[in-house]
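Listed here are the chains, written in short residue letters.
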Amino acid sequence: MERGGFLELRGVASRYGSTQVLADIDLSISKGEFVALLGASGCGKTTLLRLLAGFIGPSAGEVKVRHRDVTHLPPDKRGMALVFQSYALWPHMTVAQNIGYGLKLKGVPRTEIATRVAAMQSLLGLDGLEARKPSALSGGQRQRVALGRALAVDPEILLLDEPLSNLDARIRLTVRHELRALQKRLGITAIHVTHDREEAMVMADRIVILNAGKIAQQGTPEEVYNCPASAFVAAFMGAENVIHLDGVRVGGQFVIAEGAANAVAGVPVLDRPLTSGPVEARFRPEAARLLAEGEIATVGSGITFRGEVAAVSYPGGHWRHVVRIGQTEIMADGTQAFEPGARVAVHVPAEALFLFNAPANEPASTVSRAPSGKVYA
Ligand SMILES: Nc1ncnc2c1ncn2[C@@H]1O[C@H](COP(=O)(O)OP(=O)(O)OP(=O)(O)O)[C@@H](O)[C@H]1O
């Protein structure tokens, strides 16, 4: 895959009336790349996709495809096709007519439409269903017809607006896999909007995380999962446990001060712009190791908190514990169950502990400050 330069967004902004929805969007997408736009509801994912498709114009910035400015081109002149969450199939048309719809609009001769439609049906495993109406298809089949209709016009760029979210969980896994395999096979560039983290992780070459209309971070699934650039990204990528700590930066180490529930601990700063003072420590429930309190000394680098089990449940595959550490409650998974009331140690390895300074512009009232080195909530 040739890197960057195929689809470029520079300084793109968008507003609905006086409401700013997107700002400072810079993206460079390679030909054949599968990019997931991931973010919470209302962060601007669909607006960005509609802007790429040409249904709305940006209030600032430009969109280029192969170095050609398409910012003000109408949707049908951009070489892009959009697949919606709701399928948007014509109910009175058959599968074949739906797939051929875009070709008919373009004035493609009937015999050629028939050939292309047949090829699409066979590519998407819809052979034998050509005469059916959408009402006589399963959700997964309908979504494949919608995909066929988008691909039949031979777009260079496929825009996917949560196309799998109406499918039930089991079918979604299959269609995810099919869609990714098809995209790779056709070498088509795809931009996929989703709020499902796992879907983005398993399908995309690159994940672009949006927060309130801005790019919070972009990178491979592994990068955004293992090296979140902010507390927001860490939380969004599942590191929902949060403990407030204090410490000092000494060269490449951050030395966490002793607290009511932890001893002094040093963790590498890596490439985080960490400064001495209060920090927010985040980690995933599955990254924490739960031990009986006496086992503290046997664990490796990272930090260990002393706590008490408040609740335990079995969601499948592991035991999930709610552990009270000071006034804070965190979740920690383990292969062994500890009873409520048990005194435990929660060890978080250095590589799974994400430290962030509290944002400088956060109002003082929302930033909790602890006495130096204390764990608190
Ligand atoms: N036509 C519109 N007029 C005014 N505001 C709008 C319009 N469409 C969207 N918005 C607002 O713009 C913001 C971004 O909406 P958008 O649909 O892009 O979010 P999203 O990330 O796709 O959300 P979801 O995951 O819920 O679909 C939201 O606050 C939304 O209320």
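Here the residue numbers are simple positions, counted from 1 along each chain's written sequence. Owing to the predicted nature of the model, reporting of local features is limited to residues with pLDDT of at least 70; listing and counting of side-chain atom pairs is limited to 80 or more, with chain, interface and lining totals taken over all residues.

### Notes on the overall build of the protein chain
Reasoning step 1: Numbering goes from the N terminus for both helices and strands, where a helix is a DSSP run of H or I of at least four residues and a strand is a run of E of at least two. Within the protein chain one finds eight helices and 20 strands.
Reasoning step 2: Considered along the principal axes of its C-alpha atoms, the protein chain spans approximately 75 × 45 × 35 Å.
Reasoning step 3: A residue is called partly exposed when the number of other C-beta atoms within 10 Å of its own lies between 12 and 20, exposed at 12 or fewer, and buried at 20 or more, with C-beta atoms placed from the backbone. With 377 residues in all, the protein chain has 36% of them scored as buried.

### Side note on the sheet that holds strand β6 (residues 80-83)
Strand-to-strand pairing in sheets goes through backbone hydrogen bonds, with the strands running parallel or antiparallel.
Reasoning step 1: Two strands qualify as a pair provided that DSSP identifies no fewer than 2 bridges between them. With mixed pairing, the six strands of this open sheet are ordered in space as β6-β7-β8-β3-β9-β10. A single partner strand is all that each edge strand has here, and the edge strands are β6 and β10 (214-219). Sheet twist, expressed as the average angle between the axes of neighbouring strands with direction ignored, equals 20°.
Reasoning step 2: Inspection of the sheet shows strand β9 (residues 206-211) paired to β10 by five bridges, in the antiparallel sense. Residue pairing for β10: N211 is matched across the bridge by K214. Simply put, an axis is a line fit to the C-alpha atoms, just over the touching stretch for a helix, and the angle between two N-to-C directions goes from 0 to 180 degrees.

### Things to note about the domain arrangement of the protein chain
Reasoning step 1: For the domain bounds, the source is a domain assignment made automatically or taken from a database. Domain annotation of the protein chain identifies domain 1 (7-226) and domain 2 (239-366).
Reasoning step 2: A C-alpha centroid distance of 39 Å is found between domain 1 and domain 2.

### Overview of unusual backbone geometry
Reasoning step 1: The backbone of H67 sits at a positive phi, close to 70°, despite the residue not being glycine.
Reasoning step 2: Along the polypeptide, H67 turns up in the loop between β4 (60-65) and β5 (68-69).
Reasoning step 3: Overall, H67 belongs to the exposed group, with 8 C-beta atoms counted inside 10 Å.
Reasoning step 4: The phi dihedral of E162 is positive, around 45°, even though this residue is not glycine.
Reasoning step 5: By secondary structure assignment, the location of E162 is in the loop between β7 (157-161) and α5 (169-186).

### Here's the deal with the site of the ligand
Reasoning step 1: What surrounds the ligand is the set Y16, T19, V21, G39, S41, G42, C43, G44, K45, T46, T47 and H195.
Reasoning step 2: Looking at the shell around the ligand, the elements that each hand over two or more residues are β2 (19-29) and α1 (45-53).
Reasoning step 3: Considering every element that reaches the shell around the ligand, the biggest residue donor is α1, with three residues.
Reasoning step 4: Under this grouping Gly is polar, as are all residues other than the nonpolar Ala, Val, Leu, Ile, Met, Phe, Trp, Tyr, Cys and Pro and the charged Asp, Glu, Lys and Arg. Split into classes, the residues belonging to the shell around the ligand amount to three nonpolar, eight polar and one charged. Residue proximity rests on one test: whether the C-beta atom, placed from the backbone, lies within 6 Å of the molecule or strand.

### Focus: the packing of helix α2 (residues 95-105) against helix α3 (residues 110-123)
Reasoning step 1: Running from N to C, α2 and α3 cross one another at 130°; their axes reach a closest spacing of 9 Å. The angle between α2 and α3 places the two elements in the oblique class. Handedness of the crossing formed by α2 with α3: right-handed. Contact residues: α2 offers A96, I99, G100, L103 and K104, while α3 offers I113, R116, V117, M120 and Q121. By the definition adopted for this analysis, an angle is roughly parallel if under 35 degrees, roughly antiparallel if over 145, roughly perpendicular if from 65 to 115, and oblique otherwise. Handedness of each helix crossing follows the sense of rotation of the near helix against the far helix: counterclockwise by less than a right angle gives left-handed, clockwise gives right-handed. What counts as a contact here is a pair of residues whose C-beta atoms, placed from the backbone, lie within 7 Å.

### Details of the confidence of the model for the protein chain
Reasoning step 1: Within a predicted model, pLDDT stands for the predictor's per-residue confidence, ranging from 0 to 100. On average, the protein chain scores 88 in pLDDT, and the residues at 70 or more come to 92%.
Reasoning step 2: Note on residues 361-377: pLDDT under 50 across the span, and 34 contacts to partners over four residues away in sequence or across chains.

### Side note on the nonpolar core
Reasoning step 1: A set of buried residues drawn from Ala, Val, Leu, Ile, Met, Phe, Trp, Tyr and Cys, joined through C-beta atoms within 7 Å, is what defines a nonpolar core. Membership of the largest hydrophobic core comes to 92 residues, with the highest contact counts inside it found for A36, L37, L158, L159, I191, V208 and V346.
Reasoning step 2: Considering each element in turn, this core owes the most residues, six residues, to helix α4 (residues 139-152).
Reasoning step 3: For this core, the two domains that each supply at least three residues are domain 1 (7-226) and domain 2 (239-366).
Reasoning step 4: Discounting chain neighbours no more than four positions away, the residues touching L37 are K45, L48, L49, I191, H192, V193, V208 and L210.

### Quick notes on the packing of α4 against α5
Reasoning step 1: Where α4 contacts α5, the two axes come as close as 10 Å, and the packing angle between them is 30°. Taken together, the axis directions place α4 and α5 in an arrangement best described as roughly parallel. For the pair α4 and α5, the crossing hand works out as right-handed. Contacts from G139, G140 and Q143 of α4 reach α5 at I171, T174 and V175.
Reasoning step 2: Here the residues of the contact of α4 with α5 sort into two nonpolar, four polar and no charged.

### Points about the sheet that holds β5
Reasoning step 1: In spatial order, the strands read β2-β1-β4-β5; together these four strands make up an open sheet with antiparallel pairing. A strand with exactly one partner marks an edge of an open sheet, and here the two such strands are β2 and β5.
Reasoning step 2: Sheet topology note: the β4/β5 ladder contains two bridges and is antiparallel. Residue pairing for β5: V65 is matched across the bridge by R68.
Reasoning step 3: Set on the sheet, α1 makes contact with β1 (7-16), β2 and β4; between it and β2 the angle comes to about 65°.

### Digging into the environment of E178
Reasoning step 1: When you line up the elements, E178 lands in helix α5.
Reasoning step 2: Considering only alpha carbons, one finds E178 and L124, 54 residues apart in sequence, at a separation of 8.5 Å.

### What to know about α5
Reasoning step 1: Taking 1.5 Å of rise per residue, the 18 residues of α5 would be expected to cover 26 Å, and the 26 Å separating its terminal C-alpha atoms lies within 8% of that figure.
Reasoning step 2: Buried positions along α5 lie against β3 (34-38), β7, β8 (189-194) and α6 (197-203).
Reasoning step 3: Immediately downstream of α5, the backbone of G187 shows phi near 65°, a positive value. Expected span of a helix: the number of residues minus one, times 1.5 Å.

### Some points on the environment of V250
Reasoning step 1: Position of V250 among the secondary structure elements: in strand β11 (residues 241-250).
Reasoning step 2: In the structure, V250 is positioned 19 residues away from V269 in sequence and 9.2 Å away in space, judged by C-alpha atoms.

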